[in-house]
Amino acid sequence: MKAIRILSRNIRDSFKSVFRNFSLSLASISCITITLIVVAISMVLSLNVNRFTELVEKDVTIVAFLDLETNDVEINDISQKLKGLNNVESVKFKSKQSISEDMMASSETFKNIMSEWSEAESPIQDTFQVKVKDIKLIGKTADEIKAIEKVDVVKYGEGMVEELVSIFDIVRRASFIAVVALIVVTAFLIINTIKITIFSRKREIEIMRLVGASNLNIKIPFIIEGLILGVLGSIIPIIATCYGYTAIYDKLGGKLFSDLIKMIKPAPFIYFISLVLLIIGMIVGMFGSLRAVKKYLKI
Amino acid sequence: MDLIALQNVRKQYKTGVVAIHDLSLNIEKGDFVFVIGSTGCGKSTLIKMLYREEKPTKGKIIVGGIDVAKLRNSKVYKLRRKIGVVFQDYKLLNKSTAYENVAFALEVLGLPKDEIHDKVIKALELVGLKNKAKQYPLNLSGGEQQRVAIARAIVNGPKLLICDEPTGNLDENTSLEIMSVLEEINKLGTTIIMVTHDTTIVKKYKKRTILLDSGRILKDYKKGTYGNESNKNTK
């Protein structure tokens, strides 16, 4: 009961202090708000980019075309060699017959032309469709496949895949750096706010010490104040994320640029982002006030 | 029985200044003691060490059974709950009423509201300010403000009340009013140590008086002997 009474008094005092130094609190809240908005944008971008990358990774396939005169034994041998490569996830063989049938089924023109070819005349090659584990190493894996005997041509959309992956990487890194930098700046602003609160409550702290308040009892209101600033600062970013992301998703029909790049569905994605924003706000607020209390509250 | 015992206490500040030299002193429970001396003689340092605002460089200080010199910073509050302190500048919260100022001392300790109310009213009654409970400090006279500070210091029923020049800012009549409040508190069993410059008060109240000079006890006058030049009977 006693602990609850002290805690409720501390919470009351912390709220009082937030409003007593309102202009300063507002500066900290605004800084947290801006930081968290950037954090939200970065997270939405990063997570969507991650998803795009996953989709691209799933879709990207290396196609190895075999020499026309490759026999069944050699095909089996190549299949074993492909499976033995480090970065290879799966290997699927597609025979020239099966490719021809697919092509003829897909178009009447193909059917007319291809039906006149004898087996010896057909330019269609047997192929292996290879999926890789790490898309970043796709070029190296393609080279290794090319080096296998009887493998004629290797295709995987050279250049485009690497470029896409490196752009995604840049987006992820840039947003990460921006978030870290802003969090540091915000933490310093909170340290400053709490420092001024400590100075403005110097007499109160002195009296608290004189009448026998424990050190923890004196420090807790400042920590709670940092926490309150963090929570207040996260309100606008959370609302902006929930409404903003849903609106963008609806407007774009859940697709970005093309059908290939699908956005993450708003629910439960926005709730996850909101929770992360709230937690970051609370941690930054508490960390800032803890630092200030440690540095400026000598008791 | 001794409430306070100092053994060979020395206090040297970081600047090198020695404020207290090898001082030993015992104060009994229920006593009323004046500490006098010229400016810079070590009076304030002495009482600051009693409520552990300062730590002795050497020696032993026992207050109410607590070894003050060995007390860790995080445990100082345990000592402070047994001690009330009153200052020359009152140290009141100007944005809080007299009642709230006194209640503050109990609120930070987490006491229930009803208990706080009873104790605050009792303390304000004792210092004669029950009818001014709702007044803000700046609307009160100096003497009244000091009485609020005294009420705050005693509201938790401390064993020891330390007064650092409580009448320093007050005129003669008001000083006497404060003294009568302190006497009343002392009669209820609280030990009082009062630092003062006001020799008129010391002479009038005839309590045990410790005269400090350059950090040493120059004379320890027994109760009623200070100001009596012919009386050489020192403790």
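Moving on, we come to a positive patch on the surface. Together, A:Arg51, A:Lys58, A:Lys262 and A:Lys265 give the surface a local cluster of positive charge. By the secondary structure assignment, A:Lys262 is in strand E6 (residues 258-262).

Right, let's get into unusual backbone geometry. For the bond from A:Ala267 to A:Pro268, the omega torsion is 5°, close enough to zero to count as cis. Within the fold, A:Pro268 resides in helix H10 (residues 266-296). Of note, the phi angle at B:Tyr90 is positive, near 65°, even though the residue is not glycine. Along the chain, the position of B:Tyr90 falls in the loop between strand E6 (83-87) and helix H3 (98-107). Located in the positive-phi region is B:Ser214, a residue other than glycine, with phi close to 50°.

Turning to the sheet that holds strand E3 (residues 127-132) of chain A, a few remarks are in order. Residue and element names in this part refer to chain A. A sheet is described by the order of its strands in space; here four strands give the open sequence E2-E3-E1-E4, paired in antiparallel fashion. For this open sheet the edge positions go to strand E2 (88-94) and strand E4 (151-155), each flanked by a neighbour on one side alone. Recorded for the sheet is a direction-independent mean angle of 20° between the axes of neighbouring strands. Pairing analysis gives four bridges linking strand E1 (residues 62-66) to E3, with the strands arranged antiparallel. Opposite Phe65, over in E3, you have Thr127 as the bridge partner. Across the face of the sheet, helix H3 (residues 72-83) comes into contact with E1, E2, E3 and E4 while running at roughly 10° to E3.

Residues and elements named next belong to chain B. What the rule picks out here adds up to zero disulfides over all chains. In this structure Cys41 is not part of a disulfide, and its nearest cysteine sulfur, from Cys163, lies 17 Å away. Taking relative accessible area as the criterion, Cys41 reaches 1% and is therefore assigned buried.

Moving on to the interface of chain A and chain B. Contacts between the two partners involve 19 residues from chain A and, on the opposite side, 23 residues from chain B. Across the chain A/chain B interface, buried area totals approximately 2000 Å², and carbon plus sulfur atoms make up 56% of it. Counting the surface chain A buries against chain B, the share from its top three residues, A:Arg203, A:Leu210 and A:Val211, is 30%. Linking chain A with chain B are five salt bridges. In this structure, A:Arg209 and B:Glu53 form a salt bridge, with 3.7 Å as the shortest nitrogen-oxygen distance. The interface formed by chain A and chain B contains eight residue pairs in polar contact (both at pLDDT 80 or more). Where the side of chain A that touches chain B is concerned, the elements lending two or more residues are helix H1 (2-20), helix H8 (202-210) and helix H9 (215-252) of chain A. Considering every element that reaches the side of chain A that touches chain B, the biggest residue donor is H8(A), with seven residues.

The next thing to look at is the domain arrangement of chain A. When the parts of a complex come together, some accessible area is lost, and that lost area is often used as the size of the interface. Residues and elements named next belong to chain A. According to the domain assignment, chain A consists of domain 1 (2-56 + 162-296) and domain 2 (61-156). Summarising the inter-unit geometry, the C-alpha centres of domain 1 and domain 2 are found 53 Å apart. Between domain 1 and domain 2, the buried area comes to about 330 Å², and carbon and sulfur atoms account for 67% of it. Summed over the shared surface of domain 1 and domain 2, the number is zero salt bridges. Along the contact surface separating domain 1 from domain 2 lie zero residue pairs in polar contact (both at pLDDT 80 or more). Considering each element in turn, the side of domain 1 that touches domain 2 owes the most residues, three residues, to helix H7 (residues 160-200). For the side of domain 1 that touches domain 2, the residue count by class is two nonpolar, no polar and two charged.

Moving on, we come to the packing of helix H5 (residues 142-154) of chain B against helix H6 (residues 172-187) of chain B. Residue and element names in this part refer to chain B. Look at H5 against H6: their axes get within 10 Å of each other, and the N-to-C directions meet at 15°. What the angle tells us is that H5 and H6 run roughly parallel. Handedness of the H5/H6 crossing: right-handed. In this structure, H5 contributes Gly143, Gln146, Arg147, Ile150 and Ile154 to the contact, and H6 contributes Thr174, Glu177, Ile178, Val181, Leu182 and Ile185. Its residues placed into classes, the contact of H5 with H6 shows six nonpolar, three polar and two charged.

All right, on to helix H4 (residues 113-126) of chain B then. Residue and element names in this part refer to chain B. An ideal rise of 1.5 Å per residue puts 20 Å on 14 residues; H4 measures up with 20 Å between its terminal C-alpha atoms. Those residues of H4 hidden inside the fold are in contact with H3 and H5. Phi turns positive one or two residues past the end of H4, at Gly128, with a value near 75°.

All names here are of chain B. Closest axis-to-axis distance for the H3/H4 pair is 9 Å, and the angle between their directions is 130°. It follows that H3 is oblique to H4 by the angle criterion. Both H3 and H4 take part in a crossing whose hand is right-handed. Note on element contacts: H4 touches H3 through Ile116, His117, Lys119, Val120, Ile121, Ala123 and Leu124, opposite Tyr99, Val102, Ala103, Leu106 and Glu107. For the contact of H3 with H4, the per-class residue count stands at nine nonpolar, one polar and two charged.

Side chains on a regular strand alternate between the two faces of the sheet. Across six bridges, E2(A) lies against E3(A) in antiparallel orientation. Looking across to E3(A), one finds that A:Lys92 is bridged to A:Gln129.

Residues and elements named next belong to chain A. Together, Ile37, Ile41, Leu45, Ile235, Ile236, Ile239 and Tyr243 make up an exposed nonpolar region whose accessible area comes to about 680 Å². Elements that contribute at least two residues to the nonpolar patch include exactly helix H2 (22-59) and H9. The element best represented in the nonpolar patch is H9, accounting for four residues. Tracing the backbone through its elements, the reader meets Ile235 in helix H9.

All names here are of chain B. The topology assignment puts Lys122 in helix H4. A relative accessible area of 61% means that Lys122 is categorised as exposed. Between the alpha carbons of Lys122 and Ile162 there is a distance of 20 Å; along the sequence they are 40 residues apart.

About the criteria used
Residues numbered from 1 in each chain as written. Chains lettered and ligands numbered in written order. Predicted model: local features only at pLDDT ≥ 70, side-chain atom pairs only at ≥ 80, totals over all residues. Heavy atoms only, no water. Patch = residues over 30% accessible without salt bridge, like charges linked within 9 Å, V, L, I, M, F, W, Y side chains within 5 Å. Areas by Shrake-Rupley, 256 points an atom, 1.4 Å probe, with all protein chains shown as cover. Salt bridge = Lys/Arg side-chain N within 4 Å of Asp/Glu carboxyl O. Lys, Arg positive; Asp, Glu negative; His and termini not counted. Charge placed at Lys NZ, Arg CZ, Asp CG, Glu CD. Helix = DSSP H or I, 4+ residues; strand = E, 2+ residues; numbered from the N terminus. Pairing = 2+ DSSP bridges. Axes fitted to C-alpha atoms, helices over the stretch in contact; angles between N-to-C directions. Contact = heavy atoms within 4.5 Å. Disulfide = S-S within 2.5 Å. Buried < 20%, exposed > 50% of the residue type's maximum accessible area, 1.4 Å probe, protein only. Buried area = accessible area lost by both parts, 1.4 Å probe. Polar contact = N/O pair within 3.5 Å; in protein donor to acceptor, adjacent residues only side chain to side chain. Domains from an automatic or database assignment. Nonpolar A, V, L, I, M, F, W, Y, C, P; charged D, E, K, R; others polar. Parallel < 35°, antiparallel > 145°, perpendicular 65-115°, else oblique. Left-handed = near helix turned anticlockwise from the far one by under 90°. Expected span 1.5 Å × (residues − 1).

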